[in-house]
Amino acid sequence: MRGALRLVRFRGAAGGGPRLGLEEAPGGDLVDLSAAEPELPRSMREFLEIGPRGLALAQRALESGQHRVPRVTARLLAPVGDPEKVICVGLNYHDHCKEQAVKVPKEPLIFSKFPSAITGPYDDIVHPQDTSELDWEVELAAIIGKRGRHIEEAVALEHVLGFTVANDVSARDWQMRRNGRQWLLGKTFDTFCPLGPAIVTREALAGWGPSGTTRVAMPPHDTSHRYPQPVDSLQCQWAPYAGQQHLPPHLWGARPRRLGLPVCDTGPWRHPPDRDPCGSGGLSETACFP
């Protein structure tokens, strides 16, 4: 059985266009997939559309011991740079509802971010001049690896390739009081969706819970909706495509790194950040559909 892979996009020391790669280990050196398997596309979205064959070629490159790139010479990019959709689930944790002084919604609260909001895990977050209430939340992003529609809950997670860290940056004044209180503009300024550094394939999970739920680093009692459930109301509207990103419930505190991804606490209201406060992009309520 293939082990978990850590898929990345990067630019090398010489610059040039984005390249596909793998992390050998969390925080470790990279494998240059674009050099090891030249026929592979340079877009993560196109790579994921290849399906199992692409992952098999990536595994072969990892085992070859060749085409290594020292991490310090590479610039890591968002692992998915061009998803078709970024779909998010809001207010999906009881503690987060308390923090926002709102009731727990009876149904998942769905919103979206423009793909143009995506930026790299170590890139600056731009503070728009139009907001004085910049906020951020660490999120877990599920990367959709297989398209489908009207998917049964019991098999929904078979359509998830893996997970990455996301940072849901918000302009709270635009989200809560301006633009007719529609969330979109407050959530989707440029650089408001840092991602990465790596997509960790779902083989990294220690196990699946009942009814298709996952056992990841979050307290089950705090989740207001089970992880696969928000996708149910989405698949009637859009068919999930490979590479799409879905942001389910954000992680709570600095729990164990079950996925080998960096996690940090969202905390109470905080000062506007000049850079990504999580250092690695963040983990939350988001899903990517490349």
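Use the structure listed above.
Reading the values: the criteria
Residues numbered from 1 in each chain as written. Predicted model: local features only at pLDDT ≥ 70, side-chain atom pairs only at ≥ 80, totals over all residues. Heavy atoms only, no water. Helix = DSSP H or I, 4+ residues; strand = E, 2+ residues; numbered from the N terminus. Buried < 20%, exposed > 50% of the residue type's maximum accessible area, 1.4 Å probe, protein only. Pairing = 2+ DSSP bridges. Patch = residues over 30% accessible without salt bridge, like charges linked within 9 Å, V, L, I, M, F, W, Y side chains within 5 Å. Areas by Shrake-Rupley, 256 points an atom, 1.4 Å probe, with all protein chains shown as cover. Salt bridge = Lys/Arg side-chain N within 4 Å of Asp/Glu carboxyl O.

I tried to follow unusual backbone geometry on my own but got confused; where do I start?
The phi torsion of most residues other than glycine is negative, and most of the peptide bonds are trans. With omega at 20°, the peptide bond leading from Gly196 into Pro197 counts as cis. Following the sequence through the fold, Pro197 ends up in the loop between β11 (193–194) and β12 (199–201). The phi angle at His150 is positive, at roughly 55°, despite the residue not being glycine. A positive phi angle, near 65°, is found at Arg181, a position not held by glycine. Residue Arg181 is classed as exposed on the basis of its relative accessible area of 62%.

It is not clear to me how the pairing of strand β2 (residues 15–23) should be interpreted in this structure. Could you clarify?
Relative to β2, strand β1 (residues 6–12) is paired through five bridges, and the arrangement is antiparallel. Bridging from a neighbouring strand, Arg9 pairs with Leu20 of β2. The hairpin turn running from β1 into β2, its antiparallel successor, is two residues long. Across three bridges, the pairing between β2 and strand β3 (residues 30–32) is antiparallel. Residue pairing in the sheet places Gly21 in a bridge with Asp32 of β3. If you look at the hairpin formed by β2 and β3, you'll find six residues sitting between the two strands, and Gly27 has a positive phi there, around 75°.

So what exactly am I meant to see when it comes to a nonpolar patch on the surface here?
Where nonpolar side chains cluster on the molecular surface, the patch consists of Phe114, Leu184 and Leu185 and spans about 220 Å² of accessible area. Looking at the secondary structure, you find Phe114 in the loop between β7 (109–113) and β8 (118–119). By relative accessible area, which is 38% here, Phe114 ends up partly exposed.

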